[in-house]
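# Per-entry structural report
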Amino acid sequence: MTKDLKTAVTTALCLTAALPASGAVTFSLPSKVGTGGYAYAPLDPAPIGISFEFFAFPSYFINVTATQQCLANWKALTGVWPPIRIGGTTQDRAQYDAKTSAYVVYSVADAKDAPSVLTFGPKFMTLAGMYGGSVVVGLNRGKNNIDNTIAAAKVAVSEVKHLLAIELGNEPEYWVKDGQPITSGVNWTPATDAASQNNWNIRVGSAVDRTNIIQAGNWNDAPPKWGAAQLIATENATVKPHVRHYAHHNYPGGSIQSLMTHSTIAKNIHTFDADIAAARGVGKEYVFGETNSVSGGGAARVSPTFGAGLWTMDYALRATYNNMSRTYFHHGTVGNCQYCFWGRYSMGAPYYGAYAAVALMAGASHLTALDSGSTNYAAYATFDSRGLPLRVLLYNSDYFAGSGTRTAQSFTLTGLTSSMVRAKRLTAASATSRVDQASPPSFGGQQFDNGSCAISGTETFETTPASGGQATFSVKATEALLVYLQ
Ligand SMILES: *[C@@H]1O[C@H](CO)[C@@H](O)[C@H](O)[C@H]1NC(C)=O
Ligand SMILES: *[C@@H]1O[C@H](CO)[C@@H](O)[C@H](O)[C@H]1NC(C)=O
Ligand SMILES: *[C@@H]1O[C@H](CO)[C@@H](O)[C@H](O)[C@H]1NC(C)=O
Ligand SMILES: *[C@@H]1O[C@H](CO)[C@@H](O)[C@H](O)[C@H]1NC(C)=O
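Being a predicted model, the structure only gives us computed values, none of them experimental.

### Observations concerning the overall build of the protein
Helix and strand counts for the protein come out as 13 helices and 26 strands. Relative to a compact globule of 486 residues, whose C-alpha radius of gyration would be 23 Å, the protein shows 22 Å and is just as compact. Dimensions along the principal axes, computed over C-alpha positions, put the protein at roughly 65 × 45 × 40 Å. Considering only contacts in the protein between residues 6 or more positions apart, those separated by 24 or more positions represent 78%. Accessible area of the protein: about 17800 Å², with a carbon and sulfur share of 51%. Charge-centre separation for the protein: the mean point of 34 positive side chains lies 4 Å from the mean point of 30 negative side chains.

This is the structure in structure tokens:
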């Protein structure tokens with residue numbers, strides 16, 4: 001059966017039983033990239049990626065069936081495997097053991113714990129080398145054993161076919177508290193960490209004989225104190241060529257409502273403006289190397305919800321719009337991870353939000369935001385390689401928690417060139433909906449099966465007529481709509 005025969009078409013008109021909240025918001029779609037006074041971000045082929053906690057990485061690929069399919073679902077949209085990063089707190093607890101035949105060796109009192117110490121063998125890197133997308137590998141700096149890290153880096157370089165970069169240390173601003181040996185007897189500050197990063201970047205980069213190989217930075221505390229701008233200012237001509245790009249971590253936290261509110265998201269992303277500008281000023285990328293809704297594996301009442309899923313979507317898009325090249329959403333301990341997109345037995349609602357964002361950007365060359373980021377209503381547009389509008393995503397971040405009347409917002413798009421457009425709706429019963437509580441979201445009428453991540457259901461497009469280049473769409477509170485223009 002062809003895709004078209006399977007596609008059910010309904011009209012937007014019969015789906016808008018909800019009440020209007022206020023007048024329509026109007027966005028004018030530019031006819032071509034670079035026009036209309038908007039800022040345009042050039043797009044990575046796959047701007048949304050996954051970060052796997054270092055010790056849990058083998059388990060995700062060996063023991064979690066959904067991993068391969070969840071990543072493949074995005075590849076089906078974009079044509080490339082999503083980028084991954086392997087790292088996190090346990091990268092600075094890990095030592096390389098050339099003799100072990102295991103991926104990782106550790107013991108924990110409870111399967112929900114992360115190990116306080118672990119070793120990994122060459123097979124760990126062989127497994128990472130089997131992945132079809134780009135890989136960032138995070139190695140240990142905290143233990144101050146550079147020979148061991150160089151040995152691991154050499155295996156990463158030889159085994160990981162699509163190695164994009166190596167990180168030397170995760171969130172070093174917390175190392176004094178963690179008792180990491182490298183801070184012993186040192187007044188550990190952004191300046192001493194920068195000197196340490198520069199020294200390690202040169203020594204590891206030279207040992208593996210690679211330039212453009214280091215993902216530098218990797219702090220979680222907000223810039224400017226710990227940030228790329230201050231690090232770049234300390235870099236000399238020897239270290240600069242070894243650095244491929246800069247990364248920061250971010251966990252905004254808060255309630256479901258504050259998390260998913262569009263203006264809050266836009267404001268949070270602005271924290272990184274100066275850092276992104278500093279990286280781009282030296283011709284380098286800036287990425288969210290590790291991020292998710294709430295730190296420490298997520299918050300049970302926030303992170304698994306559809307509201308957090310809408311945060312995932314809007315946050316990844318706003319970051320990309322602000323020239324963040326890639327955003328890696330963190331996945332921690334298997335079976336103890338509130339913000340995870342998938343697990344062994346259940347899908348997470350955030351996967352749906354990420355999927356919609358991937359669908360907007362798939363195959364596109366540029367992204368812009370049509371809104372200023374100051375209200376609850378967002379509109380993003382993507383453009384193809386010819387510079388022509390490809391898709392628009394509309395987001396109504398008004399909060400609906402399941403009781404009372406669910407309002408709706410009308411979005412009017414001007415500048416359309418066809419007489420009819422199709423759209424897929426990202427929706428769920430409410431912001432608090434969770435897959436594991438029998439309230440899965442849907443995107444274009446489809447869902448992702450628990451345990452396998454296989455897409456199920458009939459792909460459903462709504463159609464909306466346009467006249468005089470203008471069409472109006474109704475988007476309910478806590479809902480998004482992806483409009484296809486080609
Ligand atoms: C996969 O699960 C099995 C059984 O629980 C366990 O013995 C094995 O260590 C796991 N493998 C990885 C790579 O985590
Ligand atoms: C750059 O700094 C490193 C120390 O991090 C030093 O070893 C190297 O000689 C310096 N290079 C130049 C060109 O100053
Ligand atoms: C992103 O970078 C492009 C240049 O590649 C620039 O034109 C645009 O203004 C930047 N966007 C923002 C929001 O600063
Ligand atoms: C996943 O599991 C939940 C809870 O058991 C169930 O309600 C849902 O229908 C299942 N399937 C999908 C596609 O979410």
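### Notes on the environment of Tyr-395
Following the sequence through the fold, Tyr-395 ends up in strand 18 (residues 389-396). C-alpha separation for the pair Tyr-395 and Leu-127, spaced 268 residues apart in sequence, amounts to 38 Å. Excluding residues that lie within four positions of it along the chain, Tyr-395 makes contacts with Met-260, His-262, Leu-310, Met-313, Asp-314, Asn-376, Tyr-377, Ala-378, Phe-411, Glu-479 and Ala-480. Engagement of the side chain of Tyr-395 in a polar contact is seen with the backbone oxygen of Met-260, the distance being 2.7 Å.

### Overview of the domain arrangement of the protein
The domain boundaries assigned to the protein delineate domain 1 (3-41 + 367-484) and domain 2 (45-363). Contact residues are listed per partner, giving 52 residues for domain 1 and 42 residues for domain 2. For the pair domain 1 and domain 2, the summed buried surface comes to about 3600 Å²; carbon and sulfur atoms form 67% of the total. Counting every contact that joins domain 1 to domain 2 gives one salt bridge. Its salt-bridge partner being Asp-371, residue Arg-318 comes within 3.3 Å of it at the nearest N-O pair. On the surface where domain 1 and domain 2 come into contact, there are 19 residue pairs in polar contact (both at pLDDT 80 or more). Among the elements of the structure, strand 16 (366-369), strand 17 (377-383), strand 18, strand 20 (420-427), strand 21 (442-443), strand 22 (447-448) and strand 26 (479-484) are those that each provide at least two residues to the side of domain 1 that touches domain 2. Here the side of domain 1 that touches domain 2 is built from residues that sort into 26 nonpolar, 19 polar and seven charged.

### Quick notes on the sheet that holds strand 7 (residues 94-96)
Think of a sheet as strands paired side by side through backbone hydrogen bonds, with each pair either parallel or antiparallel. What the three strands build is an open sheet, ordered 7-9-8; its pairing is mixed. Edge strands, defined here as strands with exactly one partner in the open sheet, are strand 7 and strand 8 (104-105). Where strand 7 meets strand 9 (residues 118-120), three bridges bridge the pair, whose relative direction is parallel. Bridge pairing in strand 9 links Ala-94 to Leu-118. On the sheet, helix 5 (residues 146-159) packs against strand 7 and strand 9 and is oriented at approximately 70° with respect to strand 7.

### Section: helix 3 (residues 66-78)
Along an α-helix, residues three or four apart share an orientation, since each turn contains 3.6 residues. The first and last C-alpha atoms of helix 3 sit 19 Å apart over 13 residues, in line with the 18 Å expected at 1.5 Å per residue. Looking only at helix 3, the buried set comprises Ala-66, Thr-67, Cys-70, Leu-71, Asn-73, Trp-74 and Thr-78. Along the axis of helix 3, the buried residues cluster in a sector spanning 145°; they form a single face. Buried residues in helix 3 make contact with strand 5 (48-53), helix 2 (57-62), helix 13 (349-361) and strand 22. In the segment just after helix 3, Gly-79 is the residue with positive phi, at about 90°.

### A short note on the site of ligand 3
In the vicinity of ligand 3, the residues found are Ala-39, Tyr-40, Pro-42, Arg-280, Tyr-321, Asn-322 and Asn-323. Here an oxygen atom of ligand 3 sits 3.0 Å away from a polar atom, N or O, in the side chain of Arg-280. Within the side chain of Asn-323, one N or O atom sits 2.4 Å away from an oxygen atom of ligand 3. Here ligand 3 has 360 Å² of accessible area as a free molecule, and 51% of this is covered by the chains.

### Description of the site of ligand 1
Around ligand 1, the neighbouring residues are Pro-58, Ser-59, Ile-62 and Asn-63. In the complex, the protein chains occlude 39% of the 370 Å² of accessible area that ligand 1 would expose alone. Along the lines of polarity and charge, the residues of the shell around ligand 1 split into two nonpolar, two polar and no charged.

### Some remarks on the nonpolar core
One finds Phe-120, Met-313, Trp-342 and Tyr-351 to be the most contacted residues of the largest nonpolar core, which totals 119 residues. Looking at which domains feed residues into this core, each of domain 1 (3-41 + 367-484) and domain 2 (45-363) supplies at least three. Apart from the residues lying within four places of it in its own chain, the contact partners of Tyr-351 are Cys-70, Asn-73, Trp-74, Phe-341, Trp-342, Phe-448 and Cys-453.

### A short note on the UniProt feature "domain: Beta-glucuronidase C-terminal" (unreviewed entry) in the protein
Taking the UniProt record as the reference, the feature "domain: Beta-glucuronidase C-terminal" (unreviewed entry) is found at residues 379-482. Counting secondary structure, residues 379-482 comes out at 0% helix and 50% strand; the distance between its end C-alpha atoms is 10 Å.

### Description of the packing of helix 5 against helix 7 (residues 190-207)
The geometry of helix 5 relative to helix 7 is characterised by a closest axis approach of 9 Å and an angle of 45° between their N-to-C directions. Taken together, the axes of helix 5 and helix 7 are oblique relative to one another. Seen from above, helix 5 lies across helix 7 with right-handed handedness. Along the contact surface, helix 5 presents Ile-146, Thr-149, Ile-150, Ala-153 and Lys-154, while helix 7 presents Trp-200, Arg-203, Val-204 and Ala-207. Residues of the contact of helix 5 with helix 7, tallied by class, amount to six nonpolar, one polar and two charged.

Rules used in this analysis
- Residues numbered from 1 in each chain as written.
- Chains lettered and ligands numbered in written order.
- Predicted model: local features only at pLDDT ≥ 70, side-chain atom pairs only at ≥ 80, totals over all residues.
- Heavy atoms only, no water.
- Helix = DSSP H or I, 4+ residues; strand = E, 2+ residues; numbered from the N terminus.
- Rg over C-alpha atoms; globule rule 2.2 N^0.38 Å.
- Contact = heavy atoms within 4.5 Å.
- Areas by Shrake-Rupley, 256 points an atom, 1.4 Å probe, with all protein chains shown as cover.
- Lys, Arg positive; Asp, Glu negative; His and termini not counted.
- Charge placed at Lys NZ, Arg CZ, Asp CG, Glu CD.
- Polar contact = N/O pair within 3.5 Å; in protein donor to acceptor, adjacent residues only side chain to side chain.
- Domains from an automatic or database assignment.
- Buried area = accessible area lost by both parts, 1.4 Å probe.
- Salt bridge = Lys/Arg side-chain N within 4 Å of Asp/Glu carboxyl O.
- Nonpolar A, V, L, I, M, F, W, Y, C, P; charged D, E, K, R; others polar.
- Pairing = 2+ DSSP bridges.
- Axes fitted to C-alpha atoms, helices over the stretch in contact; angles between N-to-C directions.
- Expected span 1.5 Å × (residues − 1).
- Buried < 20%, exposed > 50% of the residue type's maximum accessible area, 1.4 Å probe, protein only.
- Arc of directions from axis to C-beta.
- Near = heavy atom within 4 Å.
- Core = buried A, V, L, I, M, F, W, Y, C linked by side-chain atoms within 4.5 Å.
- UniProt positions renumbered as here; feature names shortened; annotations may be inferred.
- Parallel < 35°, antiparallel > 145°, perpendicular 65-115°, else oblique.
- Left-handed = near helix turned anticlockwise from the far one by under 90°.

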